Amino acid sequence: MLEFADVGYAWPDGKTLFSGLNFRIEAGEKAVLLGPNGAGKSTLLRLANGLLAPASGTISWQGQALTAEILRQRDFSRAFRQANVLLFQHPEAMLFNASVRDEIAYGPKQLGLADIDARVARWAGELKLDGLLDEAPFALSGGQKQKLALACLLALDPQFLALDEPSASLDPRTVGWLIDTLLDSGRTLLISTHNLSLAAELGERALILDEHGQLIYDGPLATALHDLDLLQAAGLAHRHRHRHGGTAHAHLHAHDWESS
Ligand SMILES: Nc1ncnc2c1ncn2[C@@H]1O[C@H](COP(=O)(O)OP(=O)(O)OP(=O)(O)O)[C@@H](O)[C@H]1O
Ligand SMILES: [Mg+2]
């Protein structure tokens, strides 16, 4: 469904990220993207969503290379925008309509989808936003904004959903709903997180970037979660100094995931 082949990226300031990044995600896979701050998780998700273009290598969607030219073609771009969506780490940037109702309806309208009212009612209901339909999106709380941004994406009925740090501002009930809804949905998922206990519930496969943007692991998530050396290299576990009975000693400790 999605393939990165020898992908490198360059920021406008000349700084480069990723050198020869290779992976592919098949339809229906649930993959978790892990790595420390600045590793390139958000950048990778933007590349996957066609918002950024690689400086080298090729990103393909359903076998079609995502070139600037193809993304300018109206039919391709419409189908791609409906099927491949990204929930931003800071979704405020996505919200600009006058009301929650208009916000959820906006994407389906732009893409000419049918049953707009039903889509709004369904996803507002699922995300418990039905009491807020007439509110202005900017007046919502951070977590409500993230739920709204998610409702906007789900209203498109996408095949591929990339979520950038979804647990950062969502409450546990909503994260639980997210896990139940998305895992049962058959959608293809790529989810970035620092939260290893969430990762353990969300995905089957882990892609782990180190601090330099190198893909240092691509394999079963369960195996990665029990490899403390790997988690430490990925900045996901670290040597804490703990005090036990007055003596300090250092040992490896993954913050929210205890290897058993
Ligand atoms: N607009 C930009 N211009 C130049 N460099 C940038 C820009 N945005 C991000 N970077 C750099 O790209 C690298 C990757 O950033 P990115 O936001 O993808 O990391 P991340 O893994 O998502 O981090 P976090 O866990 O903090 O969200 C960082 O080194 C960052 O400094
Ligand atoms: Mg990020």
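Residues numbered from 1 in each chain as written. Chains lettered and ligands numbered in written order. Predicted model: local features only at pLDDT ≥ 70, side-chain atom pairs only at ≥ 80, totals over all residues. Heavy atoms only, no water.

Trainee: Sorry, what's going on with the layout of surface pockets here?
Mentor: Empty space among the atoms becomes visible once a probe the size of a water molecule is rolled across them. Estimated volume of the largest pocket: approximately 500 Å³. Looking at the largest pocket, it is lined by 18 residues, and the ones nearest its centre are Arg 81, Met 94, Gly 107, Leu 153 and Leu 156. Those elements that provide at least two residues to the lining of the largest pocket are strand E6 (84-87), helix H4 (100-110) and helix H6 (142-154). A per-element tally of the lining of the largest pocket places H4 first, with four residues. Looking at side-chain class alone, the lining of the largest pocket contains twelve nonpolar, four polar and two charged residues. (1 Å grid on protein atoms, 1.4 Å probe; cavity = no way out; pocket = protein on both sides within 12 Å on 5 of 7 lines; lining within 4 Å. Points joined across faces, edges and corners; volume = space filled by probe spheres on them. Helix = DSSP H or I, 4+ residues; strand = E, 2+ residues; numbered from the N terminus. Nonpolar A, V, L, I, M, F, W, Y, C, P; charged D, E, K, R; others polar.)

Trainee: Teacher, can you tell me more about the packing of H6 against helix H7 (residues 172-183) here?
Mentor: For any two helices packed against each other, one specifies the inter-axial angle together with the distance between the axes. Close contact between H6 and H7 brings their axes to 12 Å; oriented N to C, the two are set at 15 degrees. With respect to H7, the axis of H6 lies roughly parallel. You can see that H6 and H7 cross each other, and the crossing is left-handed. Residues Lys 147, Leu 150 and Leu 154 of H6 lie in contact with H7, whose contacting residues are Thr 174, Trp 177, Leu 178 and Leu 182. A breakdown of the residues in the contact of H6 with H7 according to their chemical character gives five nonpolar, one polar and one charged. (Axes fitted to C-alpha atoms, helices over the stretch in contact; angles between N-to-C directions. Parallel < 35°, antiparallel > 145°, perpendicular 65-115°, else oblique. Left-handed = near helix turned anticlockwise from the far one by under 90°. Contact = heavy atoms within 4.5 Å.)

Trainee: I keep staring at the UniProt feature "domain: ABC transporter" (unreviewed entry) in the chain and nothing clicks. Help me out?
Mentor: UniProt records the feature "domain: ABC transporter" (unreviewed entry) for residues 2-237 in the present numbering. Within the segment residues 2-237, helix and strand shares are 37% and 25% respectively, and the terminal C-alpha atoms sit 29 Å apart. (UniProt positions renumbered as here; feature names shortened; annotations may be inferred.)

Trainee: What is the right way to read the packing of H4 against H6 from this model?
Mentor: Two numbers describe how H4 lies on H6: the axes approach to 7 Å, and their chain directions differ by 35 degrees. The element H4 and its partner H6 pack so that their crossing is right-handed. Every residue of H6 that contacts H4 at Val 100, Glu 103 and Ile 104 is listed here: Leu 148, Ala 151 and Cys 152. Along the lines of polarity and charge, the residues of the contact of H4 with H6 split into five nonpolar, no polar and one charged.

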